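Results of the structural survey
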Amino acid sequence: MRRTTYCGKVSEENIGQRVVLEGWVNRRRDLGGLIFIDLRDREGILQVVINPGSVPFAEADRVRSEWVVRVEGTVRARPAEQANSRIATGKVEVVAEALQTLSEARTLPFQIDAGWRGEDDQNVSEDVRLRQRVVDLRRKRLHQNLRLRHKFITAIYRFLDSEGFISVETPFLTRSTPEGARDFLVPSRLEPGSFYALPQSPQLFKQMLMVAGYDRYFQIARCFRDEDLRADRQPDFTQLDLEMSFVTQEDVLDLNERLAAYVVKETLGLEIPLPFPRLTYAQAMNRFGSDKPDLRFGLEFTDVTEVFKGGEFRAFASAQAVKALLVPANLPRKEIDALEAVAKSKGAAGLAWVKRENGALTGGIAKFIPPSLHQHLEIAEGQTALFVAGPWRRSVESLGAVRLELGKRLNLIESGYNFAWVIDFPLLDWDEDNQRWTYMHHPFTSPNLDDLEHLQSDPGRVRAYAYDLVLNGSEAGGGSIRIHRRDLQERMFAQLGIGAEEAQEKFGFLLEALSYGAPPHGGIAWGLDRWVANLAGEESIREVIAFPKNKEGKETLTGAPSTVDSDQLAMLGIAVKE
RNA sequence: GCUCCGGUGGUGUAGUUGGUUAACAUACCCGCCUGUCACGUGGGAGAUCGCGGGUUCAAGUCCCGUCCGGAGCGCCA
């Protein structure tokens, strides 16, 4: 007879029933005459009792941790004083009548049983965990994370289906296009010397689906970018990609915040108030020094550029921007030095400071503070003001990094899920290295038509219909309204220094599609791994991916990447340089 | 490419100012134990301290190099 129920699902309702269980030995307690086995499956653990003299006793004596066994027995209530409140099945137990070993197990490289009985797992280095990922995946934490991910994805399918979206798959083996990140390349056997590229996103395919009239598309899409890894970045990662026709920016934002509220409700049971607050890019940068501000705490900047303009403090007198951050604490010098290092790592020349102690401004740049400062910034007793001056963007971003560091150090970050939209991104960004304008989002983003007149005369001033969904200071999603007219797309390419010939060669298929009657359209992509990590309370997306790569981009379970046979290379016309 | 942090039995840690036999917990093996639930209890095995070199009478400890891992910067439309 096969399994009749999951171990973790047995409850008082099953008392008196005969059950067949199959699972892993989470733990075995041998009292000499009496043996207990905590039997585990994906739903939880359940105590099995093996009485002396019973048929299964000899086998139970032999069984060890992580062996896979089948148990037949009868469910009974535990005496009230022996209930285990830490586990869901703690009020019952199964008296074994038969026990069969299905599979023996070697001693595990690390213990995985604690989480299943409601305790903290022992910390194990990630190196060991990833090399032994099968063992690691047995732990309750990863079971929970992967099931949360599943719930998240099924909620997305339900919601978007009810809103009339259809899921369409787009190719993995596609063409390299010169945008954004480095491509992963796949050599072609049928055409040696030519390469496919793995998609960085399904961007152009979804736009063409819009041109083809599918109106509302989505995909849980795997994307590939050959860049260095971080706690929240993997070379292959997952997006929720969606696109809508005949919409404005408002429509996309509205749908996405309803979707966000729905998935949070479905996964965690939390109500998220709508609509989400909105900040323009300029506001976000000026007030928080980030285009993905963490709004779980305050510490907003004050602009004091005018206060110092032309003044005696040379370093600030002619700066493009001087920003101040008022800290409600008397920061020790050591702390300020650490914060200055953070500012400098983001390109600030330094971090100036002043405190109010015993009624007077003291320390740092106290003697350079003009009397008019207090009209903008009231430094109270025991507070510290921090200043960064320099080019606008570098100043706000470096002070923004200081703000985040202070949020952590002063424990200002409140728990919860804080969503916001950042809108009105600039269309173009000045590329200092190459001395030219480049796109900020991607080259298919529509300019704000109100700003179109400045496209040639003052490109930096043109806003885009581009928006980011920010969750607790991380970019949860980003998208835009796209250019749907061929002439405007061609103008955009020209502005980016992509000549007509090059545009035709690399993006001819897009231009052609746009010339066959394209609807206005726009969409968004969510970083699905980051979303799930956030909901699971995990710092790293590796905790919500079954088989992640380590910091060096290696998948240490199977040992990828690896060398390949010379035969394989030869077939592809590839020679590896020593 | 760069900065910082780490590497000690299977796992997680301790190891003082350089000083004798590298400690603890857990896991593992064996014995005892009939109501445990991280069972208890007695015993046992298990580490050339990531690797190489140097300083020293003496290095887990100090120095240099290197490898591996993590956090970040650059990079990531």
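The structure this text deals with has already been given above.
Below: a short report on this structure.

Moving on: the sheet that holds strand β17 (residues 419-423). Taken together, the eight strands give an open sheet; going across it, the order is β6-β9-β10-β22-β21-β20-β17-β11, and neighbouring strands pair in mixed fashion. Of all strands in the sheet, those with a lone pairing partner are β6 (166-167) and β11 (278-280), marking the two edges. Pairing geometry for strand β10 (residues 236-245) and strand β22 (residues 521-527), over seven bridges, is antiparallel. Among the inter-strand pairings, Asp241 is bridged to a residue of β22, identified as Ala525. Helix-sheet contacts for helix α7 (residues 281-288) involve β11 and β17, and the interaxial angle to β11 is about 90°.

In any sheet, the strands associate via hydrogen bonds between backbone groups, in a parallel or an antiparallel arrangement. Strands sit in the order β12-β13-β16-β14-β15 across an open sheet of five strands; the sheet is antiparallel. Pairing within the sheet leaves two strands with one partner each, and these edge strands are β12 (301-303) and β15 (360-362). This sheet shows a mean twist of 30° between the axes of neighbouring strands, independent of strand direction. Bridge analysis of strand β14 (residues 352-357) against strand β16 (residues 384-390) gives four bridges, and the strand direction is antiparallel. Bridge pairing in β16 places Ala352 opposite Phe387. Along the sheet face, helix α11 (residues 392-409) touches β12, β13 (321-327) and β16 and points at about 10° away from the line of β13.

The next point concerns the protein's contact with RNA strand B. Around RNA strand B, the structure places 48 residues, and the nearest of them are Arg27, Arg76, Gln82, His441 and Lys551. If you look at RNA strand B and keep only atoms within 4 Å of the protein, 56% of those are sugar or phosphate atoms. For RNA strand B, a base nitrogen lies 2.5 Å from a polar atom in the backbone of Asp30. Side-chain polar atom of Arg76 to a base oxygen of RNA strand B: 2.4 Å apart, as the coordinates give it. Partitioning the surface near RNA strand B into residue classes produces ten nonpolar, 17 polar and 21 charged.

One recurring pattern in soluble globular proteins: nonpolar side chains tend to sit buried together. In terms of nonpolar packing, the biggest core is built from 49 residues, with Leu325, Leu331, Leu351, Leu386, Val402 and Leu406 touching the most fellow members. Listing elements by their share of this core, those giving two or more residues are α7, β13, α10 (333-345), β16, α11, β20 (466-471), α12 (486-495) and α13 (500-514). Here this core takes five residues from α13, the largest share from any one element. Setting aside residues up to four positions removed in sequence, Leu325 forms contacts with Leu299, Glu300, Phe301, Thr384, Ala385, Leu386, Leu399, Val402, Arg403 and Leu406. Core analysis: the second largest hydrophobic core is formed by 41 residues, Phe152, Phe159, Leu535 and Ile545 among them.

Viewed as axis vectors pointing N to C, α12 and α13 meet at an angle of 160°, and their least axial separation amounts to 10 Å. For the element pair α12 / α13, the angle class is roughly antiparallel. Where α12 crosses over α13, the handedness of that crossing is right-handed. Residues Arg486, Gln489, Glu490 and Phe493 of α12 touch α13, and the partners they reach there are Ala503, Gln504, Phe507, Leu510, Leu511, Glu512 and Leu514. Grouping the amino acids of the contact of α12 with α13 by side-chain chemistry returns six nonpolar, two polar and three charged.

With that settled, consider the environment of Ala181. Within the secondary structure, Ala181 is located in the loop between β6 and β7 (185-187). In the structure, Ala181 is positioned 143 residues away from Ala324 in sequence and 34 Å away in space, judged by C-alpha atoms. Excluding anything up to four places from it in sequence, Ala181 contacts Gln200, Arg225 and Glu227.

Cut-offs and rules
Residues numbered from 1 in each chain as written. Chains lettered and ligands numbered in written order. Predicted model: local features only at pLDDT ≥ 70, side-chain atom pairs only at ≥ 80, totals over all residues. Heavy atoms only, no water. Pairing = 2+ DSSP bridges. Helix = DSSP H or I, 4+ residues; strand = E, 2+ residues; numbered from the N terminus. Contact = heavy atoms within 4.5 Å. Axes fitted to C-alpha atoms, helices over the stretch in contact; angles between N-to-C directions. Near = heavy atom within 4 Å. Polar contact = N/O pair within 3.5 Å; in protein donor to acceptor, adjacent residues only side chain to side chain. Nonpolar A, V, L, I, M, F, W, Y, C, P; charged D, E, K, R; others polar. Core = buried A, V, L, I, M, F, W, Y, C linked by side-chain atoms within 4.5 Å. Buried < 20%, exposed > 50% of the residue type's maximum accessible area, 1.4 Å probe, protein only. Parallel < 35°, antiparallel > 145°, perpendicular 65-115°, else oblique. Left-handed = near helix turned anticlockwise from the far one by under 90°.

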